[in-house]
Amino acid sequence: MADISRALFLRHLRGTPTAYVRHLRGGRARHEGVGLTFWYQPRTAVISEVPVEDRELPLLFHARTADFQDVTVQATVTYRVAEPTLAVSRLDFGIDPETGAWRTNPLEQLGGLIVETAQQHAFDLLARTTLTNALVDGVPAVRERIAAGLEGDPRLAETGVAVVGVRVVAIRPEPELEKALRTPTREQVQTEADRATYGRRARAVEQERRIAENEMQNQIELARREEELVAQRGTNDRRTATEKAAAARIAVEAQAEHARLTAAGAAEAARLAAAARAEEIERVGAAEGTAERARVEALRDLDNRAAMTLAVRDLAGRLPDIQALTITPDVLSELLTRLATTARPGGGA
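Residues numbered from 1 in each chain as written. Predicted model: local features only at pLDDT ≥ 70, side-chain atom pairs only at ≥ 80, totals over all residues. Heavy atoms only, no water.

**Q** What exactly am I supposed to notice about the nonpolar core here?
**A** The tendency in soluble globular proteins is for nonpolar side chains to be buried side by side. Core analysis: the biggest nonpolar cluster contains 37 residues, and Leu59, Ile114, Val142 and Leu150 have the highest contact counts within it. For this core, the secondary structure elements donating two or more residues are β7 (55-64), β8 (70-81), α1 (84-90), α2 (106-126), α3 (131-151) and β10 (161-173). If you tally residues by element for this core, the top one is α2, at 9 residues. Setting aside its immediate chain neighbours within four residues, leucine 150 contacts Val77, Ile114, Thr117, Ala118, His121, Leu156, Val163 and Val166. (Core = buried A, V, L, I, M, F, W, Y, C linked by side-chain atoms within 4.5 Å. Buried < 20%, exposed > 50% of the residue type's maximum accessible area, 1.4 Å probe, protein only. Helix = DSSP H or I, 4+ residues; strand = E, 2+ residues; numbered from the N terminus. Contact = heavy atoms within 4.5 Å.)

**Q** What is the right way to read the sheet that holds strand β5 (residues 37-40) from this model?
**A** Either a parallel or an antiparallel arrangement is found when strands of a sheet pair, and the pairing is made through backbone hydrogen bonds. If you trace the 3 strands from one edge of the open sheet to the other, you get β1-β2-β5, paired in antiparallel fashion. Bordering the open sheet on either side are β1 (3-7) and β5, each of which pairs with just one other strand. Neighbour to neighbour, the strand axes of the sheet diverge by 20° on average, direction disregarded. Pairing of β1 with strand β2 (residues 10-14), which is carried by 5 bridges, proceeds in the antiparallel orientation. Residue pairing in the sheet places alanine 7 in a bridge with leucine 10 of β2. (Pairing = 2+ DSSP bridges. Axes fitted to C-alpha atoms, helices over the stretch in contact; angles between N-to-C directions.)

**Q** Looking at this structure, how should I read the packing of α2 against α3?
**A** Packed helix pairs are specified by the crossing angle of their axes together with the interaxial distance, meaning the distance between the axes. At a closest axis distance of 9 Å, the pairing of α2 and α3 adopts a crossing angle of 135°. One element, α2, and the other, α3, form an angle in the oblique class. Pair α2 / α3 crosses with right-handed handedness. On α3, the residues that touch Ile114, Thr117, Ala118, His121, Ala122, Asp124, Leu125 and Leu126 of α2 are Ala134, Ala141, Val142, Arg145, Ile146, Gly149 and Leu150. Class assignment for the residues of the contact of α2 with α3 results in 10 nonpolar, 3 polar and 2 charged. (Parallel < 35°, antiparallel > 145°, perpendicular 65-115°, else oblique. Left-handed = near helix turned anticlockwise from the far one by under 90°. Nonpolar A, V, L, I, M, F, W, Y, C, P; charged D, E, K, R; others polar.)

**Q** Just checking my understanding: could you explain the pairing of strand β6 (residues 46-51) for this structure?
**A** Note on strand geometry: in a regular strand, side chains alternate between the two faces of the sheet. Counting buried positions over the 6 residues of β6 gives 5, a clear majority of the element. Here 6 bridges tie strand β3 (residues 19-25) to β6, and the two strands are oriented antiparallel to one another. If you follow arginine 22 over to β6, its bridge partner there is serine 48. Taken together, the 2 bridges between β6 and strand β9 (residues 94-95) define a ladder with antiparallel strand orientation. Bridge pairing in β9 links serine 48 to glycine 94.

Below you can see the structure in the form of structure tokens.
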């Protein structure tokens, strides 16, 4: 909508870049174009404003197919006023010079014209199409038919309207019919799902059977290996016992040999000790004999008194410790006899 400001008895209009404005005064065009700004007198001015931007027009209508089934068509038509000079001559786009608002509603008229034309072309196509074909291939067919029909419509061309594009969003049957149509597909999908479920279960059972067979084979293999392990353990135990017996036998033989060598060494040591003692005794005897012979040789040349003195000394050395001595005639006679015997050469010691 144009922006109108007041200044005394004049008015100033400021248009927009997407609005075509035509100012008439006295039946003659004073200003005409897009994005205009000008001053005018409201009592003598006739102003029209036509939007020239692209506009979206939603469509939602019912149609009947060749097999007498109702369908709902949802579409959108994009259009624009390509020739605003024709539009202002065919539709009333006049605005109030005081407020800038349209006196009528030209866009609704234009939209109704486009909707009715689009519906007519869609009806003609769907009336010769079965429901199945309409649901399968109807969207592109209806889109092309509406676009071609709107572009070739002479009334729209005379109004200066150009169709930019047509979009058909959906073609849907009635809810009950749509549910019935979905049932075979749903049943087929459910059948495929059941088949997949049964197949999965069958594969699971087969997999479980294979797992059970594998477990049984594993148990058999483990039993066989356990048997081999027991046999190997028996062999190892026997070998260990044999090795221990051999080691014990070797230890006993070593101990016997050690005992034999020890006994031989002890006997040899005893023999050597006995020989050493015998040799020592022989040496001591020889030394005593030599000493005795030397003593005898020394006593042989002594007189009786010296011999008696030595005899008494030897006797005194051999007697025990005597605290008190009582000499009787018998004892004195025996003592003298022994002294005399001792003093003789070759006498006892």
